[in-house]
Amino acid sequence: MRAPDDRFATRVLRWFDVAGRHDLPWQHPRTPYRVWLSEIMLQQTQVRVALPYFERFVDALPDVRALSAAPLDQVLALWSGLGYYARARNLHAAARLCVERHGGEVPRDFDALLALPGIGRSTAGAILSQAWGDRIAILDGNVKRVLCRVHAVDGWPGTPAVEKRLWAVADAHLAGVPEGRMADYTQAQMDFGATLCTRHDPACVLCPLQDECTALRTGRVGELPTPRPGKPLPEREALALLLRDAEDRVLLLRRPPTGIWAALWSLPEHADREGARDWFSRHVGTGYDDAEALEPIAHAFTHYRLTLRPLAWHGVSLGAAVRDDGDLRWVARADLPALGIPAPVRSLLERVLRA
DNA sequence: AAATCGGGGAG
DNA sequence: CTCCCAGATTT
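Remember, predicted model here, so these are calculated numbers, not experimental data. (Residues numbered from 1 in each chain as written. Chains lettered and ligands numbered in written order. Predicted model: local features only at pLDDT ≥ 70, side-chain atom pairs only at ≥ 80, totals over all residues. Heavy atoms only, no water.)

**Q** I'm lost on the overall build of chain A in this one. Help?
**A** Helix and strand counts for chain A stand at 14 helices and 8 strands. When its C-alpha atoms are laid out on the principal axes, chain A stretches across 75 × 50 × 35 Å. Counting across all 355 residues of chain A, residues that qualify as buried make up 48%. Long-range pairs, those at least 24 residues apart, make up 65% of the contacts in chain A between residues at least 6 apart in sequence. Averaging the coordinates of the 44 positive side-chain charges in chain A and doing the same for the 43 negative ones gives two points 4 Å apart. (Helix = DSSP H or I, 4+ residues; strand = E, 2+ residues; numbered from the N terminus. Buried < 20%, exposed > 50% of the residue type's maximum accessible area, 1.4 Å probe, protein only. Contact = heavy atoms within 4.5 Å. Lys, Arg positive; Asp, Glu negative; His and termini not counted. Charge placed at Lys NZ, Arg CZ, Asp CG, Glu CD.)

Below is the structure:
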């Protein structure tokens, strides 16, 4: 942390004016709704990945009221493939709260934003600074990396102590932001971290902060920020039942509202063969052993590894006592795009139904 | 303070 | 393969 006349902000802004990104879709127009949506999509997701999702989303649901009136399934379908689906459910719930509490607008108030699900301190700051030019700091992964280097902050940024220190630094830098440039400053920091002060091979030779950066001066750029402490990932396996009827539709099951892939449509899953056989006999009847074993699907989460082993049947019809109700339904291939489906499962279905 | 939640990009 | 990213929420 330095004096209030710190040059950090003006240096980053000068870089941004020349080398930053000025053509992102949420910058034109830079409305609170579009900024909000972009910030939620960009949580743990890179710009390049989020871009097509953003265009599709605002095209289908252009404002808070449209989002609040949309069925959750449509929102999840628009989100399908982005991951962290709680973001989509929170976004949807927050839009409805905006209609209830704020006249169908995104509130221009820090505490009101924080009270909305899915919006934390950094996202609230990003919305207010970008949409309104308010003088509020952000602290995302990019900013954390930049500040760790510029101020040589040791320790993994995921710990509360380090994060607290980084917030203090980010707040201190606000004093150096010229009047009327907060929106650009917020975008500039994220751009700067994403394109110049990258995790690997930062372009220090082109950096406008060479004179300010303690890590560069002490030769510690390669070791900051401190990486997360390593940990082995547990492995889990499950059987995935892929049932196709005479019309080549596939049987999908809505997952529970909490846990992994919450509320998404997926294949019936069972931890072991006995559970799968029992489910099959109750819903279909005989024929479990006619299954064709497909190639396993490996999927890695942050905290464990999942291997899905698909078992496929053709020409199946459900038992008379089984209702094709709200949580269990036959879905034609043409209807898959309209449903929220986990990416690896969607990939499997498209591969299997392509023929 | 630690665990939970996905998917993809990049080395 | 490994790491980790434009984080927030829950416990």
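There is more to say, and it comes next.
**Q** Just to check I follow, could you spell out the nonpolar core for this structure?
**A** Where a protein is soluble and globular, its nonpolar side chains tend to be buried together. Trp-36, Phe-57, Trp-79 and Leu-252 are the most contacted members of the largest nonpolar core, which totals 61 residues. Shared between two domains, this core takes at least three residues from each, and those domains are domain 1 (8-223) and domain 2 (235-353). Excluding residues within four positions of it along the chain, Trp-79 makes contact with Leu-37, Ile-40, Met-41, Tyr-53, Phe-57, Tyr-84, Tyr-85, Arg-87, Ala-88 and Leu-91. Ala-126, Leu-139, Leu-147 and Leu-196 belong to the second largest nonpolar core, which has 32 residues in total. (Core = buried A, V, L, I, M, F, W, Y, C linked by side-chain atoms within 4.5 Å. Domains from an automatic or database assignment.)

**Q** I keep staring at the protein's contact with DNA strand C and nothing clicks. Help me out?
**A** What surrounds DNA strand C is a group of 26 residues, the closest being Leu-42, Gln-44, Gly-118, Thr-123 and Asn-142. Each atom of DNA strand C within 4 Å of the protein belongs either to a base or to sugar and phosphate, the latter forming 67%. Contact distances for DNA strand C include 2.6 Å between a phosphate oxygen and a side-chain N or O atom of Thr-123. Gln-187 places a polar side-chain atom, nitrogen or oxygen, 3.5 Å from a base nitrogen of DNA strand C. Elements represented by at least two residues in the surface near DNA strand C include exactly α8 (121-132), α9 (141-150) and α11 (182-195). Looking at side-chain class alone, the surface near DNA strand C contains 10 nonpolar, 10 polar and 6 charged residues. (Near = heavy atom within 4 Å. Polar contact = N/O pair within 3.5 Å; in protein donor to acceptor, adjacent residues only side chain to side chain. Nonpolar A, V, L, I, M, F, W, Y, C, P; charged D, E, K, R; others polar.)

**Q** Help me understand the environment of Gly-20 in this model?
**A** Following the sequence through the fold, Gly-20 ends up in the loop between α1 (8-19) and α2 (32-41). Since its relative accessible area comes to 15%, Gly-20 is described here as buried. For Gly-20, the contacting residues outside a window of four places in its chain are Trp-15 and Asp-191.

**Q** Would you explain the UniProt feature "domain: HhH-GPD" (unreviewed entry) in chain A in this entry?
**A** The UniProt entry lists residues 41-195 under the feature "domain: HhH-GPD" (unreviewed entry), expressed in the numbering used here. The annotated region residues 41-195 carries 65% helix and 0% strand content, and the separation between its end C-alpha atoms amounts to 18 Å. (UniProt positions renumbered as here; feature names shortened; annotations may be inferred.)

**Q** Whenever I open this one, the protein's contact with DNA strand B confuses me. Can you help?
**A** Around DNA strand B there are 23 residues in total, and Arg-48, Tyr-84, Tyr-85, Trp-261 and His-299 lie nearest to it. Per the 4 Å cut-off to the protein, sugar and phosphate atoms form 63% of the nearby atoms of DNA strand B. A distance of 2.9 Å separates a base nitrogen of DNA strand B from a polar backbone atom of Gln-44. The backbone of Tyr-85 places a nitrogen or oxygen atom 2.5 Å from a phosphate oxygen of DNA strand B. Counting only elements with at least two residues in the surface near DNA strand B, the list comes to α3 (47-60), β6 (297-300) and α14 (343-353). Classifying every residue of the surface near DNA strand B by side-chain character gives 12 nonpolar, 10 polar and 1 charged.

**Q** What exactly am I supposed to notice about the sheet that holds strand β3 (residues 265-266) here?
**A** For sheets, the rule is that strands pair by backbone hydrogen bonds, running either parallel or antiparallel. The 3 strands lie next to each other as β3-β2-β8, forming an open sheet whose pairing is antiparallel. Every interior strand has two partners, whereas the edge strands, β3 and β8 (328-331), have only one. (Pairing = 2+ DSSP bridges.)

**Q** In this structure, what is going on with the packing of α9 against α11? I would like to understand it.
**A** When two helices pack together, their arrangement is given by the angle between the helix axes and by the axis-to-axis distance. Interaxial distance between α9 and α11 falls to 8 Å at its minimum, and their mutual angle equals 75°. As the angle between them shows, α9 and α11 are arranged roughly perpendicular. Across the interface between the two elements, Asn-142, Val-143, Arg-145 and Val-146 of α9 pack against Gln-189, Met-190, Phe-192, Gly-193 and Ala-194 of α11. In the contact of α9 with α11, the residues fall into 5 nonpolar, 3 polar and 1 charged. (Axes fitted to C-alpha atoms, helices over the stretch in contact; angles between N-to-C directions. Parallel < 35°, antiparallel > 145°, perpendicular 65-115°, else oblique.)

**Q** Please clarify how α14 should be interpreted in this entry.
**A** Each turn of an α-helix holds 3.6 residues, which means side chains three or four residues apart point in the same direction. Buried residues of α14: Pro-344, Val-345, Arg-346, Leu-348, Leu-349, Val-352 and Leu-353, and no others. Looking at the buried residues of α14, the elements they touch are β1 (235-243), β2 (250-254), β3, β6 and β7 (305-313).

**Q** Explanation requested: the domain arrangement of chain A in the structure shown.
**A** Interfaces are often sized by the amount of accessible area the parts lose when they come together. Its domain assignment divides chain A into domain 1 (8-223) and domain 2 (235-353). Each of domain 1 and domain 2 has a C-alpha centre, and these two points are 37 Å apart. With 8 residues of domain 1 in contact, the opposing surface of domain 2 contributes 16 residues. A combined buried area of about 750 Å² lies between domain 1 and domain 2, and 50% of that area is made up of carbon and sulfur atoms. It is Asp-73, Ser-80 and Tyr-85 in domain 1 that bury the most area against domain 2; as a group they hold 53% of the surface buried on that side. Across the contact surface, domain 1 and domain 2 share 1 salt bridge. Two residues, Arg-254 and Asp-73, come together in a salt bridge whose shortest N-O distance is 2.9 Å. If you look at where domain 1 meets domain 2, you find 3 residue pairs in polar contact (both at pLDDT 80 or more). (Buried area = accessible area lost by both parts, 1.4 Å probe. Salt bridge = Lys/Arg side-chain N within 4 Å of Asp/Glu carboxyl O.)

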